[in-house]
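# Close look at the chain arrangement
Here is what each chain is made of, one letter per residue.
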Amino acid sequence: MNKLDQLLATTETIVLDGAMGTMLFAAGLVSGGSPEEWNVSHADQIRAVHRQYVDAGAQLILTNSFGGSRYRLKLHNMEDRVYELNRAAARNARKEADLASHLVLVAGSVGPTGELLVPMGTMEFEDARDAFAEQARGLVAGGVDLLWVETMSDLAEVHAAVEGIQSVTDLPVCATMSFDTNGRTMMGVTPAKAVRTMKEWGLAAIGANCGNGITEIENVIDAMHHEAPDVHLIAKANAGLPQWRDNELYYDATPPIMGHYAQRVRALGARFIGGCCGNRPEHIAAIATALRTPISEEDLAALHAERAEGFNEPEQASRRERSRRRHRE
């Protein structure tokens, strides 16, 4: 039994970490800089981010390797450092996980290449698969417990990533897509099609991250659970919606709101719950705390009413807002 299966056997809901990019920009990463290069040049700061999420209650942390493929690293003239930077990313997370007072798993983050597969673009499936395999080798060498394909919009690219990873390791693989265009990914994939397709690839868990905020992730989890109730589902929502304030990007969901979201997506079928863009350690701490208690009967009744009547009706939007006000600081 691998570590992920062990955790699933003993934990009803697994708490995930929050945003890496949000934390690194606050630490001094400049726009256009390479987060992956920081795994070597600023390893202490990368480890500090992981440590804060672990201390907040995260049971699974993602490596700082989202843009670690040769295609993304080429933007920084670092395409020859794929193995080095991914191994360093895994080692940084591994060190903090091993020092934790509770069991913490390390997931190797694998993001999209930024290229389009043929026929929409010029990248061949085989080239994408090889690039993901190359990245996975470094992550596995650094000591990850599983691989985590995330923020994808094209099922073909997810498939290439899964095949590439599975060609170099038998560690568990999870995958999430980003739904941000009328409930579909940028490439038009619906939640139902995503989970129906990906469940055939032997993935340990499937779900959604990023996108257009909390409500959208709730819709996705609900749709996926209805389509495939036997699949372990992942919810990693942004901390609300982004806004510009004083030349800085700000997300409007407070930690209590994210705790409320955690209870709702758990009730809708999610088993892995954390945060994406804008989520800091205080948001993850609120999520961890919320998941130790059941959702209130009032909120559960409201959730069932919303699902029965549909999320697009004005009354449901008003009901959600009233519910969130009760959970604001």
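These figures come from a predicted structure and were not determined experimentally. (Residues numbered from 1 in each chain as written. Predicted model: local features only at pLDDT ≥ 70, side-chain atom pairs only at ≥ 80, totals over all residues. Heavy atoms only, no water.)

## Quick word on a nonpolar patch on the surface
Where we set the bar: Each patch is built from salt-bridge-free residues with over 30% relative accessible area, joining like charges within 9 Å and nonpolar side chains (Val, Leu, Ile, Met, Phe, Trp, Tyr) within 5 Å. Computed by Shrake-Rupley with a 1.4 Å probe, the accessible areas treat only the displayed protein chains as cover when residues are assessed. Salt bridge, as applied in this entry: a Lys or Arg side-chain nitrogen positioned within 4 Å of an Asp or Glu carboxyl oxygen. Exposure is judged per residue with a 1.4 Å probe applied to protein chains only, and the accessible area is read against the type maximum: over 50% gives exposed, under 20% gives buried, and values in between give partly exposed.
Side chains of Leu 116, Met 120, Met 186 and Met 187 sit close together on the surface and give an oily, nonpolar patch of about 410 Å² of accessible area. Classification of Met 120 as exposed rests on a relative accessible area of 59%.

## Topic: the sheet that holds strand S3 (residues 105–110)
Quick note on the threshold: Only strands that DSSP links by at least two bridges are regarded as paired with each other. Only runs of H or I of at least four residues qualify as helices and only runs of E of at least two qualify as strands under DSSP, and these elements are numbered from the N terminus. Two residues qualify as a contact provided that any one of their heavy atoms is within 4.5 Å of a heavy atom in the partner residue. Lines fitted to C-alpha atoms define the axes, with helix axes restricted to the stretch in contact, and inter-axis angles between N-to-C directions lie between 0 and 180 degrees.
Ordered by their spatial adjacency, eight strands build an open sheet running S1-S10-S7-S6-S5-S4-S3-S2, and the pairing between neighbours is parallel. Here the strands that pair on one side only, and so sit at the sheet edges, are strand S1 (14–15) and strand S2 (60–62). Looking at chain direction, S1 and strand S10 (residues 270–275) are connected through two bridges and run parallel. Each residue of the ladder has a partner; that of Val 15, found in S10, is Ile 273. Taken strand by strand, helix H12 (residues 281–290) contacts S1 and S10, and its axis lies near 155° from that of S10.

## Quick notes on the side chain of Arg 266
Cut-off, in case you're wondering: In this tally Asp and Glu are treated as negative and Lys and Arg as positive; neither His nor the chain ends contributes.
By the secondary structure assignment, Arg 266 is in helix H11 (residues 255–268). For the buried Arg 266, which has no salt bridge, the nearest side chain bearing the opposite charge is Glu 12, at an N-O separation of 5.4 Å. Look past the residues within four positions of Arg 266 in its chain and what remains in contact with it is Thr 13, Ile 273, Ala 290, Leu 291, Thr 293, Pro 294 and Ile 295.

## Topic: a negative patch on the surface
Applicable threshold: Where a charge lies is defined by one atom per residue type: Lys uses NZ, Arg uses CZ, Asp uses CG and Glu uses CD.
Together, Glu 124, Glu 126, Asp 127 and Asp 130 give the surface a local cluster of negative charge. As for its placement among the helices and strands, Glu 126 is situated in helix H7 (residues 125–142).

## Let's talk about the nonpolar core
Selection criterion: Buried Ala, Val, Leu, Ile, Met, Phe, Trp, Tyr and Cys residues that are joined via side-chain atoms within 4.5 Å together make up what is termed a nonpolar core.
In this structure, Met 177, Met 198, Tyr 261 and Ile 287 are the most contacted members of the largest nonpolar core, which totals 74 residues. Non-local contacts of Met 198, meaning those with residues more than four positions away in its chain, are made with Leu 155, Val 158, Ala 175, Met 177, Leu 203 and Ile 206. Within the second largest apolar cluster, 15 residues are counted, among which are Leu 60, Leu 146, Ile 234 and Phe 272.

## Quick notes on the confidence of the model for the protein
As a reminder, the rule being used: Confidence of the predictor in every single residue is expressed as pLDDT, which spans 0 to 100.
Looking at the protein as a whole, the pLDDT averages 93, with 94% of positions reaching at least 70. With pLDDT under 50 throughout, residues 312–319 is counted as low confidence; its partners more than four residues away or in other chains account for ten contacts.

## Quick notes on the state of the cysteines
Spelled out, the test is: Any two cysteine sulfur atoms within 2.5 Å of one another count as a disulfide.
Evaluation of the coordinates by the stated rule reveals zero disulfides. Unpaired in this structure, Cys 210 has its nearest cysteine sulfur neighbour in Cys 277, at a distance of 3.8 Å. The class of Cys 210 is buried, set by a relative accessible area of 17%. Overall, Cys 277 belongs to the partly exposed group, its relative accessible area being 25%.

## Concerning unusual backbone geometry
Residue Pro 119 is bonded to the preceding Val 118 through a cis peptide linkage, with omega at 10°. Mapped onto the secondary structure, Pro 119 falls in the loop between S3 and H7. The backbone phi angle of Asn 77 is positive, close to 60°, even though this residue is not glycine. Within the fold, Asn 77 resides in the loop between helix H5 (70–73) and helix H6 (82–99). With a phi angle near 60°, Thr 151 is a residue other than glycine that sits in the positive phi range. For Thr 151, the location among the structural elements is in strand S4 (residues 146–152).

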